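So the chains spell out like this:
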Amino acid sequence: MSFFEKVKVFFSPFRNLVWISLAAWVTHIILRVLLLFRNNPYGFPFVSKPDWYIFHAVCLDFLWICNALVAFALVAGLVKFAKDRKHGNLCTGKRNSKIAGVTAVIYAVFHSLVLLFTLLDQEVLRFLGSHLSFGLMDTYKDTSSVLMFWDYVANDLSVPYLQFIVLVLMLPFTYGIYRLLKPRQVSMAKVSLGMAIFYVMSFAFVYFIWTGNARMTKLRPLVSIICNELASSSNSGKLDEKNLAAYTESFQKMWLENEGDSLWTFAQGDKATTPLYRIPSETLVNDSAMQERRAQKPNFIVIFMESHRGLNTGFLNPSEPSPTPYYDSLAAYSRIWERMHTSGLPTTGGVLSTHMGIPHHSMLAEATDLAHVSIPSFASYLTAAEYSTHYFSAADPAWDNIGVWMSKWYNAQHYNREREDDSTFFDHAATFVVDTLGKQGKPFLATLMTRSNHYPFNFAAGMTDEEKNLPLTERVKVTMKYADRQLARFMRTVEKAEWYNNTYVIIMADHGFPLGENGVSTMNGGAFSNATWIPFLIHGNGIEPSRDTATTAQLDIAPTILHLAGIVEPNMFMGHDLLRGTGKGLSLGAYSGHAAIGYDGYRLIQRLPTQSGDVTGLFAEGDTHQTSDLTEKMPEQKQKLEAFLDTLIKISDYSLERGM
């Protein structure tokens, strides 16, 4: 008997594991369809492009189910092998059948439990935008959360109580599929070969052919979530009482020194919900200038320009022909900060950091993993102040789960897959802002997120084949110029409105993009200025044109917007009001595997975790192109910034995981 025949005979008693696996896979496909092609409980599509998700979901489920099948078969095979050796020729087929039967029962129970918890995970994802994690269960562990979930189910604007119908029918349906798939005569060799081929195809499809980190995060199977959480037991946000007190004291002292005045105090005792929570003084609350701003109720237009690099923006880098002529012209009549850095990568990092005033989490996929946490933003404060708040996105906000966050903070979101080009996107936004928001008789916030300058920089409408074939370093200039023209059209429309004189326009990038500078050409390759240095300006009545060289980051934007609105409320922004006129500058960000801090005239880049001591660069803040690494020349400055960075990242991660 050949080796392969021996293997076939050895594992033949375990063929039921294959049918159980395939039956469970069919049920998982049904659950995925019910998730992706259904509305969320609030009446909006769970994802706007379910066709971009379903095939990945099917493949991902097949991959983990096959892995589980192999694991169970190997364990059962080892048990059988041990008994064969122990009993020699006395090992009868009856004993082998018993081993196979017990294994099949255990395997069926395993898949039944996974299916039940997968249904729960998907419902949590529909309601909260977050997977069923240990952190979420710790947050919602009391009985009131169960009652709240019942209310959500009863008022589900998709199909009320469908969850319970699926719960009752799911396991009987799976058993029925198992009975249908379990024929008396079938070639297991052919079935195994087919599964192996589909496994390889699935792996290639999701990891090489059509990748996407945001999609993979949203579609993460439950078993993967559990394994990841068990493997990452050393969560950076978990601090014992002693370390928490030390980090809190260090951060608060540093923040107050950097602020430069005594108009804020950090909460103590029961009010200290987080180390970041600070309370305004009566002097600031009653400040006449702030009261006047509140009375004026200015409007806000906040625009994120996709992947606009400081290295290519004309008013920051005038040494080459500018692809941003309109942005440059507006900068001449605005206040600009020349050393603004993003506080997170990619778009979710930059956009969420800007809203929350806190850098992106150093370890977690913040948009999904922390969607259950309540964290205020500048938009939520404006909404509470009776502003009409609207978020416009040219890219699908459900793609990276950012829509879940915007639904917490804004009155409404605007996205349509037919308006993904910046031209049609800006046209819709301009029309809505002028004809609807501008005529409601109340102040408004319109936040816009563009798309056409996204990697691989060939999304701009009307690009010629010649332009699409340019090197990336040249192609990005083509798409930046296209986006700049659409920005100009938008601004020329809204600036004609009467309310425009009482409007602040804030234009920035979500992040930059590395194109080979510093030896980096991928988004997870570091935190150099090619990816983090971004353009930023504020334009509006009373804003004197000037160029500011203070060290700044996106975490400063939220407190600055509230200053312009005259809103003085307790908050947990880590950043500082850029218009305060006191204190030093601070820049902080957590990126893909790296973190960076800009402080006291220098910028340090370090690999995560911050205790690793793996510094990848120390640069003077004025060296915006980062051509001169000072790591070896200034060890004391390096050590000082390392300590600051560790403190700030620890405190920000801790605060993000707990919220306000």
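Residues numbered from 1 in each chain as written. Predicted model: local features only at pLDDT ≥ 70, side-chain atom pairs only at ≥ 80, totals over all residues. Heavy atoms only, no water.

**Looking at the sheet that holds strand β4 (residues 335–341)**
The strand order across the open sheet built from 8 strands is β6-β5-β7-β3-β8-β9-β4-β10, with neighbouring strands paired in mixed fashion. In this open sheet, the two edge strands, each paired with only one partner strand, are β6 (412–414) and β10 (546–553). This sheet shows a mean twist of 15° between the axes of neighbouring strands, independent of strand direction. The pairing of strand β5 (residues 388–393) with β6 spans 3 bridges and is classified as parallel. Of the residues in β6, the one forming a bridge with histidine 390 is alanine 412. Along the sheet face, helix α15 (residues 347–356) touches β3 (299–305), β5, β7 (444–449) and β8 (503–509) and points at about 155° away from the line of β3. (Pairing = 2+ DSSP bridges. Helix = DSSP H or I, 4+ residues; strand = E, 2+ residues; numbered from the N terminus. Axes fitted to C-alpha atoms, helices over the stretch in contact; angles between N-to-C directions. Contact = heavy atoms within 4.5 Å.)

**A word on helix α7 (residues 162–181)**
Helix length check: α7 (20 residues) gives 27 Å between terminal C-alpha atoms against 28 Å at 1.5 Å per residue, within 8%. Where α7 bends most, at methionine 170, the angle is about 40°, and the proline proline 172 comes one to four residues later. Residues of α7 that are buried include every one of Leu162, Gln163, Val166, Met170, Thr174, Ile177 and Tyr178, and no others. (Expected span 1.5 Å × (residues − 1). Bend = angle between axes of the 7 residues up to and from the residue. Buried < 20%, exposed > 50% of the residue type's maximum accessible area, 1.4 Å probe, protein only.)

**Regarding the sheet that holds strand β14 (residues 615–620)**
Strand-to-strand pairing in sheets goes through backbone hydrogen bonds, with the strands running parallel or antiparallel. If you walk across this open sheet you meet the 4 strands as β11-β12-β13-β14, and the pairing is antiparallel. Only two strands of the sheet have a single partner each, and these edge strands are β11 (586–590) and β14. Going from strand to strand, the sheet's axes swing by 10° on average, the running direction of each strand aside. Inspection of the sheet shows β11 paired to strand β12 (residues 594–599) by 5 bridges, in the antiparallel sense.

**Looking at the packing of aromatic side chains**
The tally for this structure, following the rule as stated, stands at 33 aromatic pairs. Pairing phenylalanine 72 with phenylalanine 110 gives two aromatic rings, centres 5.3 Å apart and planes at 40°, and the pair type is tilted. Taken together, the residues span a long stretch of sequence, with phenylalanine 72 in helix α3 (residues 54–87) and phenylalanine 110 in helix α4 (residues 93–128) at a distance of 38 residues. Since its relative accessible area comes to 21%, phenylalanine 72 is described here as partly exposed. (Phe/Tyr/Trp six-rings, centres within 6.5 Å; stacked < 30°, edge-to-face > 60°.)

**Digging into the side chain of histidine 539**
Mapping histidine 539 onto the fold places it in strand β9 (residues 536–539). In this structure, histidine 539 is in contact with Leu330, Tyr333, Ser334, Tyr500, Thr503, Tyr504 and Val505, ignoring residues within four places of it in sequence.

**Description of helix α19 (residues 422–435)**
For α19, with 14 residues, the first-to-last C-alpha span of 19 Å sits near the 20 Å given by 1.5 Å per residue. Buried-residue contacts for α19 involve β3, β5, β6, β7 and α21 (472–494). Of the residues that open α19, the one with a side-chain oxygen 2.9 Å from the backbone nitrogen of serine 423 is aspartate 421. (Polar contact = N/O pair within 3.5 Å; in protein donor to acceptor, adjacent residues only side chain to side chain.)

**Section: the nonpolar core**
If you look at the biggest cluster of nonpolar residues, it comprises 78 residues, and the most contacted ones within it are Phe300, Phe378, Leu382, Trp405, Phe536 and Ile597. Considering each element in turn, this core owes the most residues, 7 residues, to helix α24 (residues 635–658). Residues contacting isoleucine 597, with those up to four places away along its chain left out, are Met254, Leu586, Ser587, Leu588, Tyr602, Arg603, Leu604, Leu641, Phe644, Leu645 and Leu648. Counting residues in each nonpolar core, the second largest holds 44 residues, with Val18, Leu35, Tyr107 and Val114 among its members. (Core = buried A, V, L, I, M, F, W, Y, C linked by side-chain atoms within 4.5 Å.)

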